[in-house]
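# A structural walkthrough
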Amino acid sequence: MKHFLFKSSYIIASLLFITSCDGPPTDEKLLATLQEDVVFLAADDLGGRAIGTEGEQKAAEYLAKEFEKLGLQPMGTEGFFQPFTVSKPSNPHEEAVIGTDGDGVTGRNVVAFLDKKADKTIVIGAHFDHLGMGGQGSLHRGDSAIHNGADDNASGTAALLALAEILKHEELKNNILFIAFSGEENGLWGSNYFVKNPTIDLQTVNYMINMDMVGRLNEEKSLAINGVGTSPSFVPVFDQINADSLKLVTSESGVGPSDHTSFYLQDLPVLHFFTGQHEDYHKPSDDSDKINYEGLVKVVRYISRVVTTLDNEPKLAFTKTKDSSDSPRFTVSMGVVPDYMFDGKGMRVDGVSEGKSAQAAGLLKGDVVVQLGDSTVYDMMSYMRALSAFQKGDSTKVVIERGGQKVEAVVRF
């Protein structure tokens, strides 16, 4: 039996190898490689992939080897790697200095080039770092623990490799630069460094695609696409290529808490793909066994169709958008995780933080906030506007919809 199993495994492995050499990967091959990549990157052995750690270095080396296997050209400053050092000032009100000199923490972007002999280049990126053992940014309320970041963002990094495997077989009129960024969790350090120290001419960049948290496609198959207003060429293609009947939730702004922002600020069109927030976000429970791998295949296929459909367009025009920097400023929080994929009326709660105002008021996951104080809540922006009117110590009425009924409570900030 052992001999038979070994022989069978050998045959399957050989077939997969032949498939990968002969042509584009099948969905079955994509599923297997996506799972393999996520499991490796989100393993305890890598310790949460915090920038500057041994785990981050192991992840970077893994990605470089995978890019090399795919036949991509190294496009870093040291082979596939683009090292950068971040020096944090002693004054907390000063920004970190990102460069190559001085003391501080050193991370590495991993940069690979698919040369299609074209005069335009698409950048496709995903960050591969995470929070390590937790610390700043963690939502974990217990002892220090490994934050494996399977969805955030081993999922996007695995998708990056999968897109490289798909697109190398396509006849394209754009080159593609694949970048795995480090230091995203600390403040977009890696992408910020790259756009200020690019390894290709940024004038040749057509547009940028960013994948951050794409591993939790839900039952509704909701896929958020942010940045759709950054070029007039984007929106017309989305529905016509939606072969898997995904529920597309779009927003115009090119600014957000991920690496596409660095490219938007260089006046480049950007798209950010995202399958939604969840209760494991920035917690040790964000593990590889919770990834929807079949859903991840659908997301990868959809993005590949975006690239191939836009390929016949001339260089995309850039449009500035009304960005989140224009959003209301607020000094209090209810202590909820909003459901960013919700497109109904109100703000749906996707998680409630322990010991915060919302929990004390009795709010639950799935509640939809429709009124806060005197303000009606129609969407995320109106929720933030309503929140901006309150200060620490204030109390106000909150109206929620729960199971078809309206429920009132008092929230104290």
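Everything below is about the structure shown above.
These lines cover the structure that appears in this document, whether it is placed above or below.

What counts, and at which threshold
- Residues numbered from 1 in each chain as written.
- Predicted model: local features only at pLDDT ≥ 70, side-chain atom pairs only at ≥ 80, totals over all residues.
- Heavy atoms only, no water.
- Axes fitted to C-alpha atoms, helices over the stretch in contact; angles between N-to-C directions.
- Helix = DSSP H or I, 4+ residues; strand = E, 2+ residues; numbered from the N terminus.
- Parallel < 35°, antiparallel > 145°, perpendicular 65-115°, else oblique.
- Left-handed = near helix turned anticlockwise from the far one by under 90°.
- Contact = heavy atoms within 4.5 Å.
- Nonpolar A, V, L, I, M, F, W, Y, C, P; charged D, E, K, R; others polar.
- Pairing = 2+ DSSP bridges.
- Salt bridge = Lys/Arg side-chain N within 4 Å of Asp/Glu carboxyl O.
- Expected span 1.5 Å × (residues − 1).
- Buried < 20%, exposed > 50% of the residue type's maximum accessible area, 1.4 Å probe, protein only.
- Polar contact = N/O pair within 3.5 Å; in protein donor to acceptor, adjacent residues only side chain to side chain.

This next bit is on the packing of helix H2 (residues 27-41) against helix H8 (residues 293-310). One way to put it is that H2 packs onto H8 with a least axis distance of 9 Å and a crossing angle of 110°. Viewed along their axes, H2 and H8 adopt a mutual orientation that is roughly perpendicular. Considering how the two elements wind past one another, H2 and H8 form a crossing that is right-handed. Side by side, H2 and H8 meet where Asp 27, Leu 30, Leu 31, Leu 34, Gln 35, Val 38 and Val 39 of the first sit next to Tyr 293, Glu 294, Leu 296, Val 297, Val 300 and Arg 301 of the second. Considering only residue class, the contact of H2 with H8 consists of 9 nonpolar, 1 polar and 3 charged.

Turning our attention to the pairing of strand S15 (residues 395-402). Inspection of the sheet shows strand S13 (residues 368-372) paired to S15 by 4 bridges, in the antiparallel sense. Bridged to Val 369 within S15 is Ile 400. Bridge count for S15 against strand S16 (residues 405-412) is 8 bridges, and the pairing is antiparallel. Each residue of the ladder has a partner; that of Arg 402, found in S16, is Gln 405. Between S15 and S16, which pair antiparallel and follow one another directly, the connecting turn spans 2 residues, one of which, Gly 403, has a positive phi of 60°.

The next point concerns the pattern of salt bridges. Charged atoms that come close allow side chains of opposite charge to pair. Taken as a whole and assessed by the stated rule, the structure comprises 13 salt bridges. The shortest N-O distance in the salt bridge between Asp 27 and Arg 301 comes to 2.8 Å. Of this pair, Asp 27 sits in helix H2 while Arg 301 sits in helix H8, and the two are 274 residues apart along the sequence. In this structure, Glu 165 and Lys 29 form a salt bridge, with 2.7 Å as the shortest nitrogen-oxygen distance. On the criterion of sequence distance, the pair formed by Glu 165 in helix H4 (residues 150-167) and Lys 29 in helix H2 is long-range, its members being 136 residues apart. One connected set of salt bridges, linked through shared partners, spans Arg 216, Asp 280 and Lys 290.

For H8, which comprises 18 residues, the first-to-last C-alpha distance of 26 Å matches the rise-based estimate of 26 Å (1.5 Å per residue) to within 8%. Among the 18 residues that make up H8, 13 are buried, leaving the element largely enclosed by the rest of the structure. Of the residues flanking the start of H8, the one acting as N-cap is Asn 292, its side-chain oxygen 3.4 Å from the backbone nitrogen of Glu 294.

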